[in-house]
Amino acid sequence: MAIDNSRSLIQYRVIVQIHKYIRHDTGPTLVNATVGENIILPLEDGIIEKSEIEEIDWLTERWVYLAATTVDGNFRILEKMYEGSLSSSPNGSLIFSNVMKRNEGVYRACIFSNKGKIVERMYRVNIFEPHLETSVEKRTSTESASENTIFFPVLTSICIVVTISLIIITGYFIYQHKSNKVS
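Residues numbered from 1 in each chain as written. Predicted model: local features only at pLDDT ≥ 70, side-chain atom pairs only at ≥ 80, totals over all residues. Heavy atoms only, no water.

Going by what an unreviewed UniProt entry lists, the protein chain is known as Immunoglobulin subtype domain-containing protein and is assigned to Aquarana catesbeiana. Regarding the protein chain, the relevant UniProt record gives this comment under Subcellular location (unreviewed entry): "Membrane". (UniProt positions renumbered as here; feature names shortened; annotations may be inferred.)

Engineer: Give a detailed account of the side chain of Ser 88, specifying residues and quantitative values.
Structural biologist: Tracing the backbone through its elements, the reader meets Ser 88 in strand E9 (residues 86-88). Only 3.5 Å separates the side chain of Ser 88 from the backbone oxygen of Ser 93, close enough to count as a polar contact. (Helix = DSSP H or I, 4+ residues; strand = E, 2+ residues; numbered from the N terminus. Polar contact = N/O pair within 3.5 Å; in protein donor to acceptor, adjacent residues only side chain to side chain.)

Engineer: I'd like a rundown of the side chain of Asp 57, residues and numbers included.
Structural biologist: Looking at the secondary structure, you find Asp 57 in strand E6 (residues 53-60). It is Arg 76 that comes nearest to the buried, bridge-free Asp 57 among opposite-charge side chains, at 5.1 Å. Aside from chain neighbours lying at most four places away, what touches Asp 57 is Tyr 65, Ala 67, Ala 68, Arg 108, Ala 109, Cys 110 and Phe 112. (Buried < 20%, exposed > 50% of the residue type's maximum accessible area, 1.4 Å probe, protein only. Lys, Arg positive; Asp, Glu negative; His and termini not counted. Salt bridge = Lys/Arg side-chain N within 4 Å of Asp/Glu carboxyl O. Contact = heavy atoms within 4.5 Å.)

Engineer: Break down the sheet that holds strand E10 (residues 94-96) for me, citing the residues and quoting the values.
Structural biologist: The three strands lie next to each other as E5-E10-E9, forming an open sheet whose pairing is antiparallel. Both outer strands of the open sheet, strand E5 (39-41) and E9, are each paired with one neighbouring strand and no more. Averaged over all pairs of adjacent strands, the angle between strand axes in this sheet comes to 30°, irrespective of strand direction. Where E5 meets E10, three bridges bridge the pair, whose relative direction is antiparallel. What sits directly across from Leu 41, in E10, is Leu 94. (Pairing = 2+ DSSP bridges. Axes fitted to C-alpha atoms, helices over the stretch in contact; angles between N-to-C directions.)

Engineer: Just give me the short version of the nonpolar core, but keep the residues and values in it.
Structural biologist: Taken as a class, soluble globular proteins show a tendency for nonpolar side chains to be buried jointly. Formed by 25 residues in total, the largest nonpolar core has its most connected members in Leu 41, Trp 58, Leu 66 and Phe 96. Considering every element that reaches this core, the biggest residue donor is strand E12 (residues 117-128), with four residues. Filtering out sequence-adjacent residues up to four positions away, Phe 96 remains in contact with Glu 37, Asn 38, Ile 39, Leu 41, Leu 66, Tyr 82, Ser 85, Leu 86, Asn 103 and Tyr 107. (Core = buried A, V, L, I, M, F, W, Y, C linked by side-chain atoms within 4.5 Å.)

Engineer: I'd love a proper account of the packing of aromatic side chains, names of residues and values included.
Structural biologist: Taken as a whole and assessed by the stated rule, the structure comprises three aromatic pairs. Taken together, the ring pairs in this structure connect Tyr 82, Phe 96 and Tyr 107 into an aromatic cluster. Its end group placed over the ring of Trp 63, Arg 108 keeps NZ or CZ at 4.1 Å from the ring centre. (Phe/Tyr/Trp six-rings, centres within 6.5 Å; stacked < 30°, edge-to-face > 60°. Lys NZ or Arg CZ within 6 Å of the ring centre and 35° of its normal.)

Engineer: I'd like a description of unusual backbone geometry, backed by residues and values.
Structural biologist: Non-glycine residue Trp 63 carries a positive phi angle of around 65°. Structurally, the position occupied by Trp 63 is in the loop between E6 and strand E7 (65-69). Positive phi values are uncommon outside glycine, yet Asn 98 reaches one of about 50°. Considering the arrangement of structural elements, one finds Asn 98 in the loop between E10 and strand E11 (105-113).

Engineer: Residues and numbers for the environment of Thr 29, please.
Structural biologist: Position of Thr 29 relative to the elements: it lies in strand E4 (residues 29-34). Of the residues examined, Thr 29 reaches a relative accessible area of 24% and is grouped as partly exposed. Measuring from C-alpha to C-alpha, the distance between Thr 29 and Arg 121 comes to 8.0 Å, with 92 residues separating the pair along the chain. Not counting chain neighbours up to four residues away, the residues in contact with Thr 29 comprise Glu 44, Met 122, Tyr 123 and Arg 124.

Engineer: Before we move on, can you summarise the environment of Ile 118 with the specific residues and values?
Structural biologist: Relative to the helices and strands, Ile 118 resides in strand E12. By relative accessible area, which is 14% here, Ile 118 ends up buried. With 62 residues separating them in the primary sequence, Ile 118 and Ile 56 have C-alpha atoms 9.3 Å apart.

Engineer: Could you give an account of a nonpolar patch on the surface, naming the residues involved and the relevant values?
Structural biologist: Taken together, Val 154, Ile 158, Val 162 and Leu 166 make up a surface patch of nonpolar side chains, about 350 Å² in accessible area. Within the secondary structure, Val 154 sits in helix H1 (residues 135-182). (Patch = residues over 30% accessible without salt bridge, like charges linked within 9 Å, V, L, I, M, F, W, Y side chains within 5 Å. Areas by Shrake-Rupley, 256 points an atom, 1.4 Å probe, with all protein chains shown as cover.)

This is the structure:
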C-alpha cells in the first residue's frame with residue numbers, strides 16, 4: 001500500500017489466486033475425548049505433499065476461523081476465545097488442551113497448497129462427561145454389600161427353621177387326625 005499525500009490517493013496491491021477446491025468425501029473423522037483431556041485433529045498423510053502445503057485454516061462448524069497452522073510449526077489463533085487452549089503439532093495438526101463440553105462439534109481443516117488446491121477435511125469431536133463415583137456412592141455400595149453379606153445367611157436360616165416347623169406341625173396334625181379315627 002502506498003499513499004501519495006499530494007493527491008490523497010491510496011493504492012492497494014491485490015494478489016488473486018485461483019484454487020481448485022477438493023471436498024472431503026469420506027465423511028468426518030471421529031474424535032472422542034473426555035472433559036479435561038487433550039485431543040488432536042490430525043492431518044492425514046498423503047492428502048497433499050507436505051512440501052506443497054502453504055497453510056491450514058481451521059474452522060468451526062459455523063465457519064468461524066479459529067486458527068491457522070503450517071507444516072513448519074507456525075501457528076496463530078484467530079478467535080480469542082481459543083487462546084490458551086489451542087496449539088499445533090509440527091505437521092500442522094490442531095491440538096486442543098483441556099477440552100470442555102463446549103468444544104464438541106464439527107471442525108474443518110482447509111489445506112491450501114501452493115499448486116492451487118484447497119483440500120477440506122472434517123472432524124466430528126465428541127466430548128463426554130467423566131463418570132465420577134462420589135464418596136457417598138462408594139459408602140452406600142460398600143454398606144449394601146456388607147448388609148447383603150449378613151442378610152442372605154440370616155434369611156436362609158429363617159427359611160430353614162420355618163420349613164422344619166411347618167413339617168413338624170403338619171406331622172403332628174396328621175398324627176392327631178389318625179389317632180382320633182382309631183379311637
